[in-house]
Amino acid sequence: MSKTTYVEAIRQGIWEEMERDESVFVMGEDVAVYGGAFKITKGMLERFGEMRVIDTPLSESAIVGAGTGAAINGLRPVLEMQFADFMACGFDQITNFAAKCRYRWQQAIPMVIRAPGGGNIHGGPFHSQNVEMPYVHTPGLKVVQPATAYDAKGLIKAAIRDNDPVIFLEHKYLYRSVKEELPTEDYTVPLSKAKTQREGEDLSIITYGWMVHVALEAAERLAGEGISIEVLDLRTLAPLDRRSILETCKKTSKAILLHEDTLTGGLGGEVAGIIAEHAFDYLDGPLLRITAPDTPVPFSETLEKAFLPNADEIVKKARWLYRF
Amino acid sequence: MSKTTYVEAIRQGIWEEMERDESVFVMGEDVAVYGGAFKITKGMLERFGEMRVIDTPLSESAIVGAGTGAAINGLRPVLEMQFADFMACGFDQITNFAAKCRYRWQQAIPMVIRAPGGGNIHGGPFHSQNVEMPYVHTPGLKVVQPATAYDAKGLIKAAIRDNDPVIFLEHKYLYRSVKEELPTEDYTVPLSKAKTQREGEDLSIITYGWMVHVALEAAERLAGEGISIEVLDLRTLAPLDRRSILETCKKTSKAILLHEDTLTGGLGGEVAGIIAEHAFDYLDGPLLRITAPDTPVPFSETLEKAFLPNADEIVKKARWLYRF
Amino acid sequence: MSAPVLAHLRTEFDRGLCHRFLYYMLMMRELEERIELKLYRQGKVVGGCYTGRGQEAIPVGSAVLSQPGDWLTPSHRDMAALLIRGITPREILAQYMGRATGLTKGRDGNMHMGCAERHCVPIISSIGASIPVAGGLALAMRYRGESNIVFNYSGDGASSRGDWHEGLNMAAVMDLPIVYLCNNNLFAYSTPLDKQMNVCDIVDRVAGYGIPAEIVDGNDVLAVYEASKRAVEHARSGKGPYFIECKTFRMSGHSAHDPADYVPNSLREEWSRKDPILMLQKYMVEELGADERDFVNVRKQVLSEIEEAVDWALEQPFPDPSTLEDDVYESI
Amino acid sequence: MSAPVLAHLRTEFDRGLCHRFLYYMLMMRELEERIELKLYRQGKVVGGCYTGRGQEAIPVGSAVLSQPGDWLTPSHRDMAALLIRGITPREILAQYMGRATGLTKGRDGNMHMGCAERHCVPIISSIGASIPVAGGLALAMRYRGESNIVFNYSGDGASSRGDWHEGLNMAAVMDLPIVYLCNNNLFAYSTPLDKQMNVCDIVDRVAGYGIPAEIVDGNDVLAVYEASKRAVEHARSGKGPYFIECKTFRMSGHSAHDPADYVPNSLREEWSRKDPILMLQKYMVEELGADERDFVNVRKQVLSEIEEAVDWALEQPFPDPSTLEDDVYESI
Ligand SMILES: Cc1ncc(C[n+]2csc(CCOP(=O)(O)OP(=O)(O)O)c2C)c(N)n1
Ligand SMILES: Cc1ncc(C[n+]2csc(CCOP(=O)(O)OP(=O)(O)O)c2C)c(N)n1
Ligand SMILES: [Mg+2]
Ligand SMILES: [Mg+2]
């Protein structure tokens with residue numbers, strides 16, 4: 001059997017849900033005729049027609065607003081933001097309206113907003129950001145970021161079937177750099193369930209997205225030194241799987257919180273807060289955060305490389321923490 | 001000498017800076033003729049004229065964008081968002097452009113965006129939010145929230161003189177509920193310096209904004225029980241005064257992280273992350289977070305009261321942590 | 001804007017319809033007065049308190065044309081639209097008073113209410129944000145091949161927001177079945193039109209989207225009704241959106257705490273002579289032979305309904321704090 | 001849109017000015033070709049790679065009118081505006097290659113560059129966001145009573161963004177000295193005009209702001225220049241903003257990786273016959289008696305400057321990782 005890339009897994013996931021449920025449709029800039037800037041919606045116009053595959057004007061706020069309206073009126077929109085960075089243009093619609101509908105009037109908003117983010121592709125300050133935190137911070141929103149092709153397909157399908165607004169963050173660098181064999185039968189991956197991507201005893205790395213792979217690389221190298229690392233892939237960033245976070249910490253008593261996003265106000269702090277409150281007694285060492293520094297994402301290779309967390313840094317800090 | 005309210009302190013601070021520096025001007029919805037929804041800019045039109053006190057159309061994104069352009073071209077705009085909640089409409093301009101100018105092209109943006117936020121005024125989901133975190137999370141922005149009239153005046157003046165974009169968060173409930181005697185001479189309060197509002201030995205409460213007062217109330221009650229609480233008022237939320245945070249934790253070895261904002265992704269997590277990494281060895285107990293729950297801000301009295309952190313809860317948790 | 005022209009020159013309105021207009025306009029007027037001038041001052045209603053005094057003709061003349069399957073997105077000065085959709089004074093009062101039986105269960109306040117069953121989207125406080133949302137509601141109608149339409153309500157101030165532009169443009173490009181009712185009451189909070197735009201009328205802005213638009217006297221319920229009929233027919237028959245600018249005036253402060261000193265007295269006086277309720281009554285007397293006593297009776301009925309509803313609402317429980325965290329997600 | 005009309009019917013352009021036009025248009029064309037077709041394919045330039053092939057007349061015909069105190073906010077298809085402001089091919093190439101001596105010191109890439117001293121705001125990637133920013137730049141000019149103006153550049157796609165609406169409206173209400181150059185190249189990425197708007201021309205949208213506007217042949221540099229002169233005079237003399245819609249066509253994909261299959265061949269062919277450089281040369285030959293050899297010389301000069309600049313840029317250092325956290329704040 002052939003392997004499926006992350007980008008293709010998402011495409012398949014949406015496609016299958018559109019086959020399964022007539023109320024699912026996609027909308028965004030350049031998604032129909034062009035098939036999307038990253039080709040996620042390629043071929044959908046031909047298969048599902050222009051009522052269900054909709055090119056919009058360059059209007060992020062209207063895309064989100066119209067998606068929310070369509071969701072209120074019985075549809076299940078899958079919206080594309082061309083780059084996650086530009087979701088900022090629809091910020092008010094997302095956080096002030098869509099997120100609050102169930103709370104204010106018990107109105108479900110079964111809407112997915114897909115947004116390709118992340119760096120390592122020389123995208124510079126406007127095409128590389130990790131935008132999860134403002135959405136993680138907004139009650140009423142769910143936020144997802146898959147690290148593998150399997151999860152990408154299973155999570156996009158689960159997100160589409162979910163009755164709450166889901167921000168579905170895709171990592172551009174993973175689109176074509178990871179692939180695996182996928183089941184042929186229909187499957188979903190449940191939201192709000194983290195996944196242990198590697199079992200270990202000595203130290204936990206809690207992370208998500210591209211950094212899962214970087215953590216696994218570091219773990220492999222550390223295994224050679226006799227240090228056993230557990231890698232927890234959060235997969236859903238809101239609502240968080242607090243139980244899995246606490247379990248791995250209770251098991252290993254040491255944790256590194258790793259993300260590609262910048263440090264201050266990043267998810268690492270939130271996870272640290274959960275652990276330092278609810279697993280304090282189990283901790284045998286400080287909680288280390290390994291993240292990008294607090295700057296915009298730089299363009300130039302030398303800077304971007306220095307900016308992004310890498311396996312060397314993880315190995316070094318993990319060694320230190322192991323010996324703590 | 002008479003006491004000055006928080007709202008009046010801010011007004012005076014802006015006024016004095018406008019007297020001092022011709023490049024300072026104010027702009028926003030209803031700020032000129034009406035003097036602002038909360039009357040911060042009252043009288044300024046008459047004193048400084050319509051070139052420096054500008055009513056705009058209902059266009060938050062254009063207000064921020066124009067403010068940034070004016071800052072590029074040598075002015076020092078002080079922008080008003082009528083409610084902090086609607087700053088979401090200018091989110092892209094703030095986070096994607098203003099915040100990144102110095103980094104991208106060494107261009108200073110000496111701009112202040114004032115935004116009245118916070119609850120306890122029955123404002124409901126759209127007029128009560130604490131919006132700090134997306135801005136705290138954006139490298140390049142500074143974020144300030146004063147708790148007292150003294151700090152309100154000193155910080156708004158420092159913010160106006162600062163050469164980076166500052167999000168200046170005012171608390172609506174404090175506007176008229178706190179007052180104090182202010183110095184008659186010119187003074188500023190430095191950004192990025194926290195302030196110990198009460199010295200104590202047993203336990204630190206790290207907080208900001210209205211919650212400083214709630215913490216002080218709890219501390220007073222706990223003093224009666226022989227529990228000595230230190231209250232650290234962060235005042236500037238970005239960049240954080242990490243040194244003061246660590247010092248108080250090293251001193252008392254126990255900390256409660258308190259804020260009115262909701263839990264997940266709130267500042268408490270960030271502070272926990274800093275402490276659990278850099279003061280771990282000093283900690284004698286879990287880091288407790290006392291915050292609003294992860295829901296929109298409710299309107300009705302019974303719900304809003306339950307939603308907002310209060311002194312009773314702090315007293316109870318502090319007692320528990322003290323005995324830990 | 002020309003002097004108000006009563007629609008009787010153009011059509012015959014029967015008594016039944018006019019009575020309906022009168023009932024809803026009076027109900028909105030009296031209910032809002034009760035809320036603002038009594039309950040708010042007594043502290044029974046807290047938070048922001050907006051009224052649509054003087055603008056009642058706009059929601060009434062339009063929403064009466066809505067079908068059950070249609071959706072409405074009223075603004076903060078359109079209470080009558082909710083009434084017409086079957087939302088009761090009881091529900092509205094319980095909402096204003098933050099009670100558990102209010103439409104938002106006390107979670108949101110005042111006019112920030114709506115109801116999925118009766119197809120009313122509660123106000124989105126971010127002014128202008130309802131315009132793109134209306135587009136999505138309409139998109140779903142077209143998607144399923146329905147002949148339903150959306151009634152979107154907003155003010156002049158909203159027309160300066162980016163969302164207004166993006167939403168109108170998208171509706172035009174996609175030919176969505178929406179009737180926009182814009183209440184141009186000459187002010188956005190304290191900001192007069194000439195500080196909001198450099199053209200005379202909102203319809204001048206609308207022309208740029210390729211959406212048909214017209215101006216009506218927003219204080220003349222019959223004129224609003226006639227224009228709405230044209231608009232509804234246009235939208236329902238698949239011809240796309242239609243925009244109606246209703247010239248009117250806010251006969252109150254922006255909200256209860258605003259004395260509106262910035263409004264010139266002459267303007268207030270000019271418009272007080274065009275009270276939409278009095279205009280309708282005049283028409284009913286002169287053209288339909290109505291008797292002043294009829295009006296007294298309608299008013300009586302309205303007031304007794306309100307009395308009953310206030311009593312009921314005051315008895316309603318506040319939300320139980322144990323429900324604090326409900327309804328944020330369907331399930332986690 | 002009517003057939004392109006060379007401006008010679010309306011004015012006499014002297015040789016010096018036309019040579020200037022030609023030089024900058026050719027420099028932009030050749031520099032971008034070098035970047036896209038060579039350096040990008042060689043991996044010396046990475047990331048997004050946009051060109052303004054076929055649109056050179058727009059930045060050239062307008063930016064030559066800028067004074068040192070004016071500000072410009074070019075879009076991603078206006079490289080010549082930077083050149084005219086004195087930004088050198090060396091600086092541009094170092095920027096594209098992410099070198100420390102590029103205008104953003106390697107922190108941002110490709111056309112995302114600007115320069116405070118030469119009054120060019122680097123592209124704000126969020127399309128449309130430069131419109132309100134232009135307003136603020138202009139506001140500061142008026143504040144100080146200067147006669148400077150702002151040249152704002154954007155595309156057809158930008159005109160669907162909320163920021164475009166809010167920014168144009170604010171400029172109109174406040175009478176700000178801005179000349180808007182809109183390059184209507186018929187597409188926003190893959191999206192043709194008829195999916196972007198329900199009117200024929202962008203100026204139809206502009207009418208709604210009370211801003212004077214005109215349409216010109218954006219491939220005719222003389223026409224762009226003439227219109228810009230009118231616009232600049234209008235704005236400089238305190239009459240407020242002015243909008244020029246330049247009809248043109250993007251003779252490339254949206255960016256280097258885009259084959260633009262969605263563009264009908266007929267359209268591409270039609271526009272390739274209106275190459276702005278050839279149009280200018282034709283005018284120079286027919287009306288000014290220029291010699292084809294002159295053009296060869298200009299081209300030679302341009303190519304040798306580029307050659308020199310490429311060599312220089314390739315020698316430039318990449319940014320030192322130790323500078324990673326610089327310039328986020330002035331001080332902490
Ligand atoms: C985006 C946004 N900015 C500011 C406000 C505060 N605000 C509420 S109503 C209003 C004026 C609205 O004017 P208009 O649309 O003309 O409606 P009117 O109140 O006149 O009926 C303002 C500024 C808001 N609700 N949303
Ligand atoms: C707000 C925003 N949304 C999406 C994008 C991605 N994007 C970059 S250029 C572009 C098309 C712009 O079209 P237009 O304004 O016509 O300029 P052109 O590229 O045709 O010159 C898009 C969609 C963006 N940069 N910003
Ligand atoms: Mg109004
Ligand atoms: Mg274009």
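Everything quoted here is computed from the prediction, not taken from an experiment.

Caption draft 1: View of the overall build of chain C. When you go through chain C residue by residue, the secondary structure sums to twelve helices and seven strands. The C-alpha atoms of chain C give a radius of gyration of 19 Å, which matches the 20 Å a tight globule of 332 residues would have. Each of the 332 residues in chain C was classed as buried or not, and the buried ones make up 66%. Put simply, of all contacts in chain C between residues at least 6 apart along the chain, 75% involve residues at least 24 apart. Roughly 11,100 Å² of accessible area belongs to chain C as shown, and the carbon and sulfur atoms make up 50% of that amount. Distance between charge centroids for chain C: 2 Å, based on 34 positive and 46 negative side chains.

Caption draft 2: Main features of the coordination of the magnesium ion (ligand 4). Residue and element names in this part refer to chain D. Every protein donor of the magnesium ion (ligand 4) is accounted for by Asp156 (OD), Asn185 (OD1) and Phe187 (O), and the metal-donor separations fall at 2.1 Å. Site description for the magnesium ion (ligand 4): donor spacing in sequence, D-x28-N-x1-F. Residue Asp156 is located in the loop between strand 2 (150-155) and helix 6 (162-174), and its partner Asn185 is located in the loop between strand 3 (178-184) and strand 4 (187-188); the two are separated by 29 residues in the primary sequence. Looking at Asp156, the relative accessible area reads 1%, which means it is buried.

Caption draft 3: Inspection of the pairing of strand 4 (residues 76-80) of chain B at higher detail. Residue and element names in this part refer to chain B. In terms of burial, strand 4 is a largely internal element, five of the five residues being buried. Across the two faces of strand 4 the burial is the same, with Arg76, Val78 and Glu80 and Pro77 and Leu79 all buried. Note: strand 4 against strand 5 (residues 112-117), three bridges, orientation parallel. Residue pairing across strands places Val78 opposite Val112, the latter belonging to strand 5.

Caption draft 4: Up close: the coordination of the magnesium ion (ligand 3). Looking at the metal site, the magnesium ion (ligand 3) is ligated by Asp156(C) (OD), Asn185(C) (OD1) and Phe187(C) (O), spaced 2.1 Å from it. For Asn185(C), a relative accessible area of 3% translates into the label buried.

Caption draft 5: Broad picture of the packing of aromatic side chains. All told, the structure shown has 45 aromatic pairs over all chains when counted by the stated rule. Centre to centre, the rings of Trp15(B) and Phe48(B) are 5.2 Å apart; their planes meet at 65°, and the pair counts as edge-to-face. With a gap of 33 residues between them, Trp15(B) in helix 1 (residues 6-20) and Phe48(B) in helix 2 (residues 44-48) connect regions that are remote in the sequence. Look at Trp15(B) and you get partly exposed, because its relative accessible area is 23%. When its relative accessible area of 11% is taken as the criterion, Phe48(B) is described as buried. Judged by centre distance (5.1 Å) and plane angle (75°), the ring pair of Tyr23(D) and Tyr24(D) falls under edge-to-face. Between the NZ or CZ atom of Arg107(D) and the centre of the ring of Tyr103(B), over which it lies, the distance is 5.1 Å. The ring of Trp271(D) carries Lys274(D) above its face, with NZ or CZ at 3.9 Å from the centroid.

Caption draft 6: Expanded view of the domain arrangement of chain A. Residues and elements named next belong to chain A. For chain A, the domain assignment lists domain 1 (4-180) and domain 2 (195-323). The C-alpha-based centres of domain 1 and domain 2 are spaced at 26 Å. With 27 residues of domain 1 at the interface, the matching set in domain 2 holds 25 residues. If you sort the residues of domain 1 by the area they bury against domain 2, His122, Met133 and Gln145 come out on top, with a joint share of 24%. Of the charged contacts, one joins Asp151 and Arg235 as a salt bridge, the two residues approaching to 3.0 Å between their closest N and O atoms. One can count eleven residue pairs in polar contact (both at pLDDT 80 or more) joining domain 1 with domain 2. Sorting the residues of the side of domain 1 that touches domain 2 by element identifies helix 6 (132-136), strand 6 (142-144), helix 7 (149-161) and helix 8 (172-177) as the ones contributing at least two each.

Caption draft 7: Layout of the interface of chain A and chain B. Contacts between chain A and chain B engage 48 residues on the former and 48 residues on the latter. When chain A packs against chain B, the two sides together hide about 4,100 Å² of surface, and 63% of this comes from carbon and sulfur. Interface area lost by chain A to chain B is led by Tyr103(A), His137(A) and Phe280(A), which between them contribute 16%. Where chain A meets chain B, there are two salt bridges. Here Arg289(A) makes a salt bridge to Glu270(B), at a shortest N to O gap of 2.9 Å. If you look at where chain A meets chain B, you find 16 residue pairs in polar contact (both at pLDDT 80 or more). Top contributing element to the side of chain A that touches chain B by residue count: helix 11 (residues 267-278) of chain A, with seven residues. When its residues are assigned to classes, the side of chain A that touches chain B shows 23 nonpolar, 13 polar and twelve charged.

Caption draft 8: Main features of the relation of the copies chain A and chain B. For these two chains of identical sequence, chain A goes onto chain B by a turn of 180° and a shift of 0.0 Å along the axis, with RMSD 0.0 Å. With respect to symmetry, the two chain copies, as superposed, fit the operation of a two-fold axis. Here 100% of the interface residues in chain A have copies in chain B that are interface residues too; the copies meet face to matching face.

Caption draft 9: Representation of helix 9 (residues 210-223) of chain A in the model. Helix length check: helix 9 of chain A (14 residues) gives 20 Å between terminal C-alpha atoms against 20 Å at 1.5 Å per residue, within 8%. Listed in full, the buried residues belonging to helix 9 of chain A are Trp210(A), Met211(A), Val212(A), Val214(A), Ala215(A), Ala218(A), Ala219(A) and Leu222(A).

Caption draft 10: Highlighting the sheet that holds strand 3 (residues 53-55) of chain A. Residues and elements named next belong to chain A. Reading across from one edge, 3-2-4-5-7-6-12 is the order of the seven strands in this open sheet, with mixed pairing throughout. Because the sheet does not close on itself, it has two edges, and the strands there are strand 3 and strand 12 (236-238). Averaged over all pairs of adjacent strands, the angle between strand axes in this sheet comes to 20°, irrespective of strand direction. In this fold helix 7 packs onto strand 2 (24-28), strand 4 (76-80), strand 5 (112-117), strand 6 and strand 7 (166-171), with an angle of close to 160° to the strand it touches most, strand 7.

Calculation criteria
Residues numbered from 1 in each chain as written. Chains lettered and ligands numbered in written order. Predicted model: local features only at pLDDT ≥ 70, side-chain atom pairs only at ≥ 80, totals over all residues. Heavy atoms only, no water. Helix = DSSP H or I, 4+ residues; strand = E, 2+ residues; numbered from the N terminus. Rg over C-alpha atoms; globule rule 2.2 N^0.38 Å. Buried < 20%, exposed > 50% of the residue type's maximum accessible area, 1.4 Å probe, protein only. Contact = heavy atoms within 4.5 Å. Areas by Shrake-Rupley, 256 points an atom, 1.4 Å probe, with all protein chains shown as cover. Lys, Arg positive; Asp, Glu negative; His and termini not counted. Charge placed at Lys NZ, Arg CZ, Asp CG, Glu CD. Donors = N, O, S within 2.8 Å, 3.2 Å for Na, K, Ca; no water. Pairing = 2+ DSSP bridges. Phe/Tyr/Trp six-rings, centres within 6.5 Å; stacked < 30°, edge-to-face > 60°. Lys NZ or Arg CZ within 6 Å of the ring centre and 35° of its normal. Domains from an automatic or database assignment. Buried area = accessible area lost by both parts, 1.4 Å probe. Salt bridge = Lys/Arg side-chain N within 4 Å of Asp/Glu carboxyl O. Polar contact = N/O pair within 3.5 Å; in protein donor to acceptor, adjacent residues only side chain to side chain. Nonpolar A, V, L, I, M, F, W, Y, C, P; charged D, E, K, R; others polar. Least-squares fit on C-alpha atoms with pLDDT ≥ 70 in both. Expected span 1.5 Å × (residues − 1). Axes fitted to C-alpha atoms, helices over the stretch in contact; angles between N-to-C directions.

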